Every structure is written in structure tokens, then in C-alpha cells.
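Per-entry structural report
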Amino acid sequence: MMRLFGQEKTYIFPVFVMGLFSVTILAGFIGTLLPSFNYLPVIGHTNLSLSVWFDFFSYPGIQTSILVTIFSGMTASFCVVTLAFLFISVSYENALWKFFEKILSPVLSIPHAAFAVGFGFLIAPSGWMVRLVSPVLTGFHTPPDWILLNDPLGISLTIALVIKEFPFLIMVAMGALGQLDIKKTLLVGRALGYKKEQIWLKVLIPRLYPHLRLSIFAIIAYSLSVVDMAILLGPNTPSSLSVLVLKWFNDPDVNFKLLASAGSLCLFFIVLVSIFIVYLIERIAHFFLGPWITNGKRSSFLALFKPFIAFMGICIILFTIISSVILVIWSLAWQWRFPDFLPTTWSLNFWAKGMVSSFDPVMTTVVTGVASAFIGLFLTIGCLEHEGNYRKNQTNQNQNSQDLIGLNQIRKKRTNNFIKNIHYFLYLPLLVPQITFMAGIQLLLVIMKMDGYWITLMGSHLLFVLPYMFIALSATYLSFDERVTDQAMLLRRSYARVMLSVKWPMLLKPILFSFAIGFSVSVAQYIPTMLVGAGRFSTITTEVVNIASGSDRRIMAVYALIQQCLPLIMFAAAIIIPKILYYNRKGMQV
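As the structure is a prediction and not an experimental result, all values here were calculated from the model.

Further remarks concern the overall build of the chain. When helices and strands are counted, the chain shows 26 helices and two strands. By the compact-globule yardstick of 25 Å for 590 residues, the chain fits well, its C-alpha radius of gyration being 25 Å. Split into buried and exposed, the 590 residues of the chain put 52% on the buried side. As presented, the chain carries roughly 27,800 Å² of accessible surface, and 67% of it is formed by carbon and sulfur atoms. For the chain, the separation between the mean place of its 42 positive charges and that of its 24 negative charges on side chains is 11 Å.

Shown next, in the form of C-alpha cells:
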């Protein structure tokens, strides 16, 4: 394995990633496209036609499902991006920003399904928020007849998406901000009389946006195609398009798979058009905001809203924390009548039952998560090593010797430049709705009789684990001071030996954090487990969503907390292991 990390062989990693991601997504897309045009020979449909699309658009409530999907997804995405940029502008490097840096990892480790369950307990008509003001301020002695949860417009789903995706965009921004010379820019701007907030809006945010473009597109794609949170918080009659498509795929009548394929392609088209519209808005804003950027106005309207923006950021973290706290309370409650603020009696019985009944799903989750995160880490480091070597070669190359480069060397340089950018294929699974290509992959696996195997389940998780691990590790890994490894290689040590004994130990903490992020992403996967697992594998995430359809909040809370604890344990290990290994080397623990 270590031979692959030879300095001249690292190109293998980005080539493999390109092949894996492009072939898988293309195969899944074709596997979804053909059934949408009535071609699925395994169930007797061999004549290409548009009848499936006519059936799809005539399905009762489909227009409402599409509108709810667009409204909740685009509204959430707009709010996340706007709030993130405003929050960065008013709080960068102050006490609140430093607090966010410390708390982002545990916040991001909370799976979407676990957060949705806790958030539902919080905002429901009988939830903690209503109990907090009842009956003193409201006069309610019974839960009000309000549709706060699973509302027809998807407002509760939209708010939950904003709360969950905002920390993710802030985390990506923290990595991208290191590529901007912020201190000098602020110093020059302040010397010219500009307010800090105005410097951010006019100079730094436009420079930051290109680094976040792919992440913003990923947020749009996820918000429009989310399934687990939509099941728990979204409308039911009719449901969002992604939930409706999943329902069709799981229908006992196999003919509904044709309808599901058409629905998943429609969802893909909605995501594609939404991303294109956002790109057009970006271009239009670039054209029309030019005069405003150069008008010389020093003051900023953000100064007036600075407390409010900071308050919104704090509220997002508070809602996340309180949603976890309410899960703990419900998991220990035995009797809790409305409008009591806390349970009247407590019990550990549901924990005892939940730990036993969830053992198999937890073991499947852990084994799949560890395997996919380990392989993802191996591929991520390989791709980053190749990019690091390419950058080093470009820096060391004599700019004045271009005329001396032979034809073969020019071709080799172009090939290396092409291979260097292959790892951007990693972002494809984040920009394409999961259900669009995973449904096609499921159909292809059924035809090849490969569905329901653990190895295919793990591979489907890897498609989504790898991009997040790359995002988490790339900035730190590529900023490593290569002079350290150069000195080690001057001592006649092999490239692989230097990596194993010098570079990776020094980067142990970010590597472990990347592993923890990959594991938490695997834990949160719902669609791949449902479709590729073919019902033979249950993870803690699928159990949480399935149990959420029941009425016992205590069992739901126990399962949601178990799901939430698995990533937290991994993040705790990422913090503790470096401290144990380097207990006598303080600089290695930072």
C-alpha cells in the first residue's frame, strides 16, 4: 500500500477517484433515465414512450409537491448564504467567532435525522417552546391545535435546514478565509476610512465567494432533495418531491419504479435549473454591484444590524444544543404531561430496551462508517499529496526555461495539470440529488444481482464520505510546510518513509478530524442505505426515521441520541488521541 505513495505514483489516486465517481454517477443516471421513458425490461417494459411522464405530471398533488420542494429548498439556501456572509462580516475574529471555531465540530457531528427529531420535539404544539410559556402566558392547559410541525408550506423544514446548513457553510468559509490576506486588506481599508463591515461587503466577500461556490451549490442540491429531514419535519399531504419519489421506489407495485425514475429526474432538473439561476444571479450581481463597490461610501448599514446578526448566529447554535437537550429529557421521561416543563417521573427503562434492540443497527453503522471513512481518508491523502507535489514542481520550475522544454515534456506537463484537477469530481455527488443517481444504481445492481451486499453499501457511503473529508482536510494539508519533509528526504529517507514518520504524525490531529467527519457523514446516510442495502441492512439512521413514524417519543429520543453519540465519540477520539500520543510535546497537541 505504501508503494502507492511514491512521489511519482500519486497520480493514481486522482485518476481512480475520477473513474470511480464519473462512472458511478453516469451509470446511476442512465439507470434512472431509461425507466423514466418506460424502458425497464426486468418488469416487462421495453417500448420507449413518454407515458411515464404523463402519469407523473397527472399524479394527484404533484404540482404542490414540486412547489413545496422549491420553496423550502431555495428559501433555506438563500437564508443560509445571506446569514453566513453577514455573520462573517460582523463577527470575524471576535469572541463570538472564536466560540464558533471551538463548537463547530460537535455541532456538525449531529446527524440531520437526530437533529430533526429534537427540533420537532422543540417546536411541536406540545413541544418545549410552548410548554415554556404555558399556561402563564398562553393559558393553554392542553396542546393548541396548531400546525407547527409538518406544516403544508414546509416552513418548519426550511427553518431546520437553515439551522443545520449554516454551520457547514461557516466551516467551509473558515478554511477558505486562510487563502485571503484579510489583515492587510482590513488595514488598508481602515486607513482609507472604510468601516470594517463595509470592507467585508465590498472587498472580502466578493473574493471569498468563488471559494465557496461549489459548497453553496451543494447546499442548494441538498436542501431541494433532502429526504430524512423532510420525512420528519416536512409536509405530509402531499409530501415533498424527494419523499414522494422514495415512497414510489419502495412501493410493492414494481410499476411505480417507473414513476419514481421520472420523479427523480424531475428533481435533478429542478436542482440543475436552481443552480443555473443562482449562477445567473451571481453574474448579474457582479455587473450591477460594480458601481456600488466603487462609489467610495465608507459607512455600512450592517453596523445597525450587527447585534441582530450576532443574535441570529447564537440562536442557531442554541437551537442545535437545546434540540439535543430535549432528546436527553425525553429519553429519561416516564410521565410527562402537558403543560409541565419537565417530566414528573423519570426512568431508564427505555434506554435499557433501546440499547438491546439497536445493537445490530449500531454495529452495521459503525463497521460501515469506519470502513468508508478509512478508505476515504486513504484516497483523500493520495489526491492531496498529488496536488501538493504538483504545486511544488510548479514552484521549483524555472519560468525562463520554457523554450527548452521538449514536446514530450510539454505533453507531460499538460497531463499533470489535467490530473491535478481530477479530484474536483469529488463534488459531483454533492451537486446531484442523491435519489437521482442512487435509484439508478439500485436498479443496475438488481439487474447484476449485486444489490444487498455490504460491500456495495459501503461503496455507496464512500461516494458521500469522500467529498466531505476532502473539504475538511485540504486546506490544512496543502498549507503544510514542505521544507520539513524536504530536510528529512535529504537524510536519504524514502518518500513513503518520510510521509509515515514525519508528515502524517505532524498532521495527525487534522487527519483524525477528517476521519471523524467522514464517519459522521456515513452515519447520517439514509438514501444509500435504503436503496442499495435492499432492505437487508438497517443502520441507526434508518431506524430513527422508521421509528419516528410511531407515537412514542421516548423510544424516538433514545434512538436519536444513540445516532448522535456515535459521531461525538469519534470526534472525542480525534481530540484525545493526539494528546495521549504527544503528551510530552505540547506543540503537537495544538
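Glancing now at the packing of aromatic side chains. The final tally for this structure, using the stated rule, is 27 aromatic pairs. Plain terms: the ring middles of Trp 53 and Phe 56 are 6.1 Å apart, the flat faces sit at 80 degrees to each other, and that makes the pair edge-to-face. One end of the pair is Trp 53 and the other is Phe 56, both in helix H2 (residues 51-57) and three residues apart, which spans about a single turn. By relative accessible area, Trp 53 is classed as buried at 17%. In this structure Phe 56 comes out as buried when scored by relative accessible area, which is 0%. Every member of this aromatic cluster is reached through a ring pair, and the members are Phe 87, Tyr 92, Trp 97, Phe 99, Phe 100, Phe 166 and Trp 200. A cation over a ring is seen here: Lys 202 above Trp 292, with NZ or CZ 5.2 Å from the ring centre. In this structure, Arg 554 packs its charged tip against the face of Trp 334, placed 5.8 Å from the ring centre.

The subject of this paragraph is the confidence of the model for the chain. Looking at the chain, the pLDDT average stands at 85 and 91% of residues meet or exceed 70. Per-element mean pLDDT across the chain ranges from 45 in helix H17 (residues 407-420) up to 94 in helix H3 (residues 62-91). Every residue in residues 398-420 scores below 50 in pLDDT, and together they form 19 contacts with partners more than four places removed in sequence or on other chains.

Here we take up the side chain of Thr 365. Inspection of the secondary structure puts Thr 365 in helix H16 (residues 359-396). The exposure class assigned to Thr 365 is buried, which follows from its relative accessible area of 3%. Among the polar contacts made by the side chain of Thr 365, one reaches the main-chain carbonyl oxygen of Pro 361 at a distance of 2.7 Å. At 2.9 Å, the side chain of Thr 365 forms a polar contact with the backbone nitrogen of Ile 540. If near-sequence neighbours (up to four positions away) are discounted, Thr 365 is found in contact with Phe 519, Val 523, Thr 539, Ile 540 and Leu 566.

Turning our eyes to something else, we now look at the pattern of salt bridges. Oppositely charged side chains can pair when the atoms bearing their charge come close. As enumerated under the stated definition, the model contains six salt bridges in all. Note that Lys 306 is salt-bridged to Glu 197, the shortest N-O span being 3.8 Å. You can see Lys 306 sitting in helix H14 (residues 302-332) and its partner Glu 197 sitting in helix H9 (residues 196-225), a full 109 residues away along the chain. Its relative accessible area of 33% is what places Lys 306 among the partly exposed residues. Overall, the relative accessible area of 9% leaves Glu 197 in the buried class. Between Arg 213 and Glu 282 there is a salt bridge; the shortest N-O distance is 2.5 Å. With Arg 213 in helix H9 and Glu 282 in helix H12 (residues 256-288), this pair connects stretches of sequence that are 69 residues apart. A relative accessible area of 22% means that Arg 213 is categorised as partly exposed. Three or more residues joined by partner-sharing salt bridges are found here, namely Arg 213, Glu 282 and Arg 283.

With that out of the way, let us pick up the environment of Leu 566. Examined against the element boundaries, Leu 566 turns out to sit in helix H26 (residues 553-581). Taking the C-alpha atoms as reference, Leu 566 lies 13 Å from Ser 105; in sequence the two are 461 residues apart. Non-local contacts of Leu 566, meaning those with residues more than four positions away in its chain, are made with Val 362, Thr 365, Val 366, Phe 519 and Ile 540.

The omega torsion of the bond from Ser 134 to Pro 135 falls at -5 degrees, within 30 degrees of zero and hence cis. Positionally, Pro 135 belongs in the loop between helix H6 (128-133) and helix H7 (155-177). Residues Phe 338 and Pro 339 are joined by a peptide bond in cis, for which omega reads 5 degrees. Within the fold, Pro 339 resides in the loop between strand E1 (333-335) and strand E2 (345-346). Residues other than glycine seldom take positive phi values, yet Asn 38 does so here, at roughly 70 degrees.

On the surface, Val 42, Phe 359, Met 363, Val 367, Ile 447, Met 448, Met 450, Tyr 453, Trp 454 and Ile 455 cluster together into a nonpolar patch covering about 970 Å² of accessible area. Of all elements in the fold, only H16 and helix H20 (454-478) reach the threshold of two or more residues within the nonpolar patch. Looking at which element gives the most residues to the nonpolar patch, the answer is H16, with three residues. Inspection of the secondary structure assignment puts Met 448 in the loop between helix H19 (434-447) and H20.

Two numbers describe how H3 lies on helix H11 (residues 241-249): the axes approach to 8 Å, and their chain directions differ by 130 degrees. When the axes of H3 and H11 are compared, the pair comes out oblique. Facing H3, whose interface residues are Ile 62, Ser 65, Ile 66 and Thr 69, H11 presents Leu 241, Leu 244 and Trp 248. Looking at the contact of H3 with H11, its residues break down into five nonpolar, two polar and no charged.

Within this model, the second largest pocket holds a volume of roughly 1,000 Å³. In this structure, the second largest pocket is lined by 27 residues; those nearest its centre are Phe 85, Ile 205, Tyr 209, Ala 285 and Leu 289. Elements that contribute at least two residues to the lining of the second largest pocket include exactly H3, H9, H12 and helix H13 (290-293). A total of eight residues in the lining of the second largest pocket trace back to one element, the largest contributor, which is H9. Classifying every residue of the lining of the second largest pocket gives 20 nonpolar, four polar and three charged.

On to the side chain of Thr 69. Considering the arrangement of structural elements, one finds Thr 69 in helix H3. Sequence-distant contacts of Thr 69, that is, excluding residues within four places in its chain, are made with Leu 224, Ser 240, Leu 241 and Leu 267.

Summary: where empty space remains is shown by rolling a probe the size of a single water molecule over the atoms. As enumerated under the stated definition, the model contains two cavities of 30 Å³ or more in all. Around the largest cavity, the lining is made up of 11 residues, and of these Glu 385, Asn 389, Glu 482, Tyr 495 and Lys 503 lie nearest the centre. Of all the secondary-structure elements, those providing two or more residues to the lining of the largest cavity are H16, helix H21 (483-490) and helix H22 (495-506). Considering every element that reaches the lining of the largest cavity, the biggest residue donor is H16, with five residues. Its volume calculated, the second largest cavity comes out at about 30 Å³. If you go around the second largest cavity, the residues you meet are Ser 72, Leu 157, Ser 223, Leu 224, Val 226, Ala 230, Ser 240 and Ser 242. Of the residues assigned to the lining of the second largest cavity, the class counts are four nonpolar, four polar and no charged.

Definitions and limits used
- Residues numbered from 1 in each chain as written.
- Predicted model: local features only at pLDDT ≥ 70, side-chain atom pairs only at ≥ 80, totals over all residues.
- Heavy atoms only, no water.
- Helix = DSSP H or I, 4+ residues; strand = E, 2+ residues; numbered from the N terminus.
- Rg over C-alpha atoms; globule rule 2.2 N^0.38 Å.
- Buried < 20%, exposed > 50% of the residue type's maximum accessible area, 1.4 Å probe, protein only.
- Areas by Shrake-Rupley, 256 points an atom, 1.4 Å probe, with all protein chains shown as cover.
- Lys, Arg positive; Asp, Glu negative; His and termini not counted.
- Charge placed at Lys NZ, Arg CZ, Asp CG, Glu CD.
- Phe/Tyr/Trp six-rings, centres within 6.5 Å; stacked < 30°, edge-to-face > 60°.
- Lys NZ or Arg CZ within 6 Å of the ring centre and 35° of its normal.
- pLDDT = per-residue confidence, 0-100.
- Contact = heavy atoms within 4.5 Å.
- Polar contact = N/O pair within 3.5 Å; in protein donor to acceptor, adjacent residues only side chain to side chain.
- Salt bridge = Lys/Arg side-chain N within 4 Å of Asp/Glu carboxyl O.
- Patch = residues over 30% accessible without salt bridge, like charges linked within 9 Å, V, L, I, M, F, W, Y side chains within 5 Å.
- Axes fitted to C-alpha atoms, helices over the stretch in contact; angles between N-to-C directions.
- Parallel < 35°, antiparallel > 145°, perpendicular 65-115°, else oblique.
- Nonpolar A, V, L, I, M, F, W, Y, C, P; charged D, E, K, R; others polar.
- 1 Å grid on protein atoms, 1.4 Å probe; cavity = no way out; pocket = protein on both sides within 12 Å on 5 of 7 lines; lining within 4 Å.
- Points joined across faces, edges and corners; volume = space filled by probe spheres on them.

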